[in-house]
Amino acid sequence: MSFRNLASIAHSTMGSLGKLLFLSLVVSSVAGLQLDSQASTRRPRVTKYSKTTVMPGGSTEPATERSLMTATYRLHGGGETCILLTVDALLDISYVTKLNERADANTFVPNNANVAGVCKESDVETLVLSFKEFSLEWTFDKTPGGERWYVDSLRLTYNSSARILEHAAKQGRKVTLTTGPRALLFPTPVGKSYFCPEETIVELVEDEPSNPTLAHRAKLYLRQMRLQPFMFKREGEFGPPWHCSESLSRSEAAPVAVGAALAVATAGTLLGYAIFRYLKVKKVQYDTME
């Protein structure tokens, strides 16, 4: 076989391999685009602290991700709804093990949590969500003039022998975590519902621990939350929403306004003093010339 024939065969072979390689690249690119599109549309909204998924009925299953699942908790008083809450809530608890190591455990507040509490139209109200070995109590109050309501405190109680707290130190003791006195969370005009689709994190610390090094602490993650106490509506529907960004912008605007007012007052004082000094010096010079 001549060298020319060998070259022709090699050229045709390389051409076929090039075409196959090109086609495989096109197919893999298209498949990659499809997978990326599916992932972007199916990816659930999660928090990095998710370890288990709580299914309706209270059963759990291991999972690294969990879709957003809001639950509705309603407290009745006298045949009317007095407190209404919808939220996707996660508790992340930090504790010390028997080996003196700090560990984390978390659980979602299930849809079927037991709802209890106290309804008072013109006084303090409470909402208690009980599930497994945990109890999460919300305390609501109003500002002195009664124009706004707010969450005065959040209290989490459980036993250190809870199943999810593996190898926890000091088994069998009652643990109480709170936001502390007068937390003033989620201030909202009375008659409106607090609405925050963004994730809100509330930190809870142990109430007067006997040993601070063994103290528990927790973070409460609240997503897609809508909340309203002091309702007393027979139909049980939320009032107009008060978005959390409105509360944030108003709380940030106050320091800015105060700072601007102080700056203007300071500038006015300095300017007045400068004019006073200028006129006094001119007067002294004029008197000296005489």
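Residues numbered from 1 in each chain as written. Predicted model: local features only at pLDDT ≥ 70, side-chain atom pairs only at ≥ 80, totals over all residues. Heavy atoms only, no water.

**Q** Whenever I open this one, the overall build of the protein chain confuses me. Can you help?
**A** Summing up its helical and strand segments, the protein chain has two helices and 15 strands in all. Looking at the protein chain as a whole, 33% of its 290 residues qualify as buried. Long-range contacts, defined as pairs at least 24 residues apart, comprise 59% of the intrachain contacts of the protein chain with a sequence gap of at least 6. When the accessible surface of the protein chain is summed, it comes to about 17500 Å², and 59% of that surface belongs to carbon and sulfur atoms. (Helix = DSSP H or I, 4+ residues; strand = E, 2+ residues; numbered from the N terminus. Buried < 20%, exposed > 50% of the residue type's maximum accessible area, 1.4 Å probe, protein only. Contact = heavy atoms within 4.5 Å. Areas by Shrake-Rupley, 256 points an atom, 1.4 Å probe, with all protein chains shown as cover.)

**Q** What should I look at first to understand the state of the cysteines in this one?
**A** Here, disulfide denotes a covalent bond that connects the sulfur atoms of two cysteines. Counted under the stated rule, the structure contains two disulfides. Disulfide pairing places C196 opposite C244 at an S-S distance of 2.3 Å. Around the S-S axis, the bridge from C196 to C244 shows a dihedral of about 70° and counts as right-handed. With C196 in strand β12 (residues 193-196) and C244 in helix α2 (residues 244-289), this residue pair connects regions lying 48 residues apart in the sequence. (Disulfide = S-S within 2.5 Å.)

**Q** Would you take a moment to explain the confidence of the model for the protein chain for this structure?
**A** Any region with low pLDDT has predicted coordinates that should not be read closely. Confidence in the prediction for the protein chain averages 74 pLDDT; 61% of positions are at 70 or higher. Note on residues 16-66: pLDDT is under 50 here. Beyond four places in sequence and across chains, it has 59 contacts. (pLDDT = per-residue confidence, 0-100.)

**Q** It is not clear to me how the environment of L220 should be interpreted in this structure. Could you clarify?
**A** In this structure, L220 sits in strand β14 (residues 217-228). The sequence separation of L220 and A89 amounts to 131 residues, and the corresponding C-alpha distance is 7.0 Å. In this structure, L220 is in contact with A89, L90, L91, L136, L154, T200, I201 and V202, ignoring residues within four places of it in sequence.

**Q** Teacher, can you tell me more about the pairing of β14 here?
**A** Moving residue by residue along a regular strand, the side chains alternate between the two faces of the sheet. Summarising the sheet, strand β4 (residues 80-96) and β14 pair through ten bridges and their orientation is antiparallel. What sits directly across from D92, in β14, is K219. Summarising the sheet, β12 and β14 pair through three bridges and their orientation is antiparallel. Counted as the bridge partner of F195 is R226 from β14. The pairing of strand β13 (residues 200-206) with β14 spans six bridges and is antiparallel. If you follow V202 over to β14, its bridge partner there is L220. (Pairing = 2+ DSSP bridges.)

**Q** What should I look at first to understand the pairing of strand β5 (residues 102-108) in this one?
**A** One ladder, built from seven bridges, connects β4 with β5; its direction is antiparallel. Across the sheet, residue I93 finds its bridge partner in β5, namely A105.

**Q** Is there a simple way to think about the packing of aromatic side chains in this case?
**A** Within a pair of aromatic rings, the relevant descriptors are the distance that separates the centres and the angle that separates the planes. What the rule picks out here adds up to four aromatic pairs. Consider the rings of F186 and Y194, whose centres lie 4.9 Å apart with planes at 40°: the pair is tilted. As far as burial versus exposure is concerned, F186 and Y194 are alike and both buried. By the ring-pair criterion, three or more aromatic residues cluster together here, those being F131, F134 and Y158. Here K142 stacks its cationic end above the ring of F230, 4.6 Å away from the centre of that ring. (Phe/Tyr/Trp six-rings, centres within 6.5 Å; stacked < 30°, edge-to-face > 60°. Lys NZ or Arg CZ within 6 Å of the ring centre and 35° of its normal.)

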